[in-house]
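Single-letter residue listing:
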Amino acid sequence: MHTYPDARSVIRALEPEEPVILNRPHAARRAARFFTEKFPGKVLYAVKANPAPDLIAALWEAGITHYDVASIAEVRLVRAALPEASLCFMHPIKTRAAIKEAYFQHSVKTFSLDTDEELDKIIEACRDPETGEEASDLRLCVRLRVSSEYAQLSLAAKFGCDLTDAPALLQKARQHCDWLGVCFHVGSQAMTPFAFVQALDRTRAAIAEASVVIDMIDVGGGFPSVYPDMEPPPLEDYFAIINQHFENLPIAYNAELWCEPGRALCAEYSSMIVSVTKRRGNELYINDGAYGALYDAAHVAWRFPVEALEDDLRDPLEDFAFYGPTCDDADYMAGPFPLPGDIQAGDYIEIGMLGAYGAAMKTGFNGYGEAISVTVTDEPMMSLFDGSRARPEADNVVSLR
Ligand SMILES: *Cc1c(COP(=O)(O)O)cnc(C)c1O
C-alpha cells in the first residue's frame, strides 16, 4: 500500500475521482498497546469491526494474540493471516458445518452459546468422527443478556440468555467442558463505565444461583472511541471499575478476565477522502454514503468529524447535510457537518474516525463501491491515545463502590 504524509498530499498526488480510504496503522498499534498494557486481563480483537488484513497484522504486531470471530469467513480470514493466533467463535448462533470446520480445521476451541440447542449443536459437531467420543478440550462461554441502556448502539435485543435460564444452562455446559466462561456485551460505544457494573452484577447473580465453577469472565466490547459530541470518560476508569467488580465475583481463584473491543481498537485506524459532486443550499452531494463507509452517519445519525481539504476556503463554518451517490433518498446523512460556507462542487473533504464499522461496511450498491486505500502517517482527526487528552472532568464517571 502506498504511503503519504496526509490527506492533502494524497489529493495532490492522485486527484481522486473515487473515495480514498486513509489507513493509519500507527494509530491501531497505539490503541492495541494501550489495551494490552492497561486492561487487567486478556484483550481479544472483535474482527467484525474491521476485518482488513493490514489492520489485523498491525494489531498482532502490537501484541493482540486473541481474536473474536463471528462467522466461518472471519475464522478463515484470520487463520490465513495469523496462523498462530487464538480464535474464539463468539457468535451464539452457528451452523453445524461452521462449528465443525472451525474446530477440526482451524483449531478453534472456544465457542459462545446462549441456548441449550446451541450447546447440543457444539457438542455434536465436535465429536470425534471415528470414535464418536465427545471433545475434551472445548472451552465454552455462556452469553448473558444484559442491558444496553448506557450504550449508543444496542446489542441487547438479539442475543443472550435471560437471568432466569442462565443457571441451568451454566450447569449443563459445565458438564461438557473443563473450562467455562460467562460473556456479555453491554452495547457499542458505552458512554459510562457503569454499563459494565450492572452487567457484572447480573453475572454475579447468575453464577451464585448456578453454583458452578467459572474459569473466565469476558466483559465483551462496548469500549468507546471519541466523536464530535461524544467525549467518553477515560478508558482507565472503565478498566478500574471492571477489575474491581471482577475481583469480587464468586469464581475460580485463577479465573481469567477477558474483553473483546472492536471499535476502541480500530476507530482511529481509518478516515476517508470524499469529493463534493454538487451543492444545493447547505446540502452537499458527496461520492460516498449510506451504502458506503457512512452507513452509521445515515442510519443512526452518527456524527463523524469532517475537515475541508482546500486551502482557498475563507468563509466561517456552517452546518451541512450530506447526500450519498446512490439514487436512494435514504442515502442521506443529516449531520450536521460543520464546513466552510464557501465549499463547492469539486472540493475534497476528509471524514474521520471511520476505522470501526465504517470502512468495513462499504457495499457495491448502485455501482458505487469503488475506493482506493492508502497509508498515511499523520494523526487521526480525533484520538483517545495520542496523549493530548487531559483527563476530562467527566460528570458521568461513577465512583468506585
Ligand atoms: C460487535 C461485538 C464486539 C465489539 O463491540 P464494540 O462495541 O465494537 O467494542 C465484541 N463482542 C461481540 C460478541 C460483538 O458482537
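What counts and what doesn't
Residues numbered from 1 in each chain as written. Predicted model: local features only at pLDDT ≥ 70, side-chain atom pairs only at ≥ 80, totals over all residues. Heavy atoms only, no water. Domains from an automatic or database assignment. Buried area = accessible area lost by both parts, 1.4 Å probe. Salt bridge = Lys/Arg side-chain N within 4 Å of Asp/Glu carboxyl O. Polar contact = N/O pair within 3.5 Å; in protein donor to acceptor, adjacent residues only side chain to side chain. Nonpolar A, V, L, I, M, F, W, Y, C, P; charged D, E, K, R; others polar. Near = heavy atom within 4 Å. Areas by Shrake-Rupley, 256 points an atom, 1.4 Å probe, with all protein chains shown as cover.

K.L.:
Can you tell me about the domain arrangement of the protein, naming the residues and giving the values?
P.N.:
As assigned here, the protein comprises domain 1 (3-22 + 270-376) and domain 2 (25-266). Here the C-alpha centre of domain 2 lies 33 Å away from the C-alpha centre of domain 1. Considering only the side of domain 1, the residues that lose the most area to domain 2 are Trp302, Arg303 and Tyr357, jointly responsible for 48% of the buried surface there. Applying the counting criterion to the domain 1 and domain 2 interface returns 1 salt bridge. Here Arg303 makes a salt bridge to Asp229, at a shortest N to O gap of 2.3 Å. For the pair domain 1 and domain 2, the interface holds 3 residue pairs in polar contact (both at pLDDT 80 or more). Of the residues contributing to the side of domain 1 that touches domain 2, the split by class is 10 nonpolar, 3 polar and 1 charged.

K.L.:
Mind laying out the site of the ligand, listing which residues take part and the relevant values?
P.N.:
Close contacts around the ligand come from 14 residues, with Lys48, Ser188, Glu260, Arg263 and Tyr357 the closest. One nitrogen or oxygen atom from the side chain of Lys48 is found 2.8 Å from an oxygen atom belonging to the ligand. Relative to its free-state accessible area of 380 Å², the ligand is covered by the protein chains to the extent of 92%. Of the residues assigned to the shell around the ligand, the class counts are 4 nonpolar, 5 polar and 5 charged.

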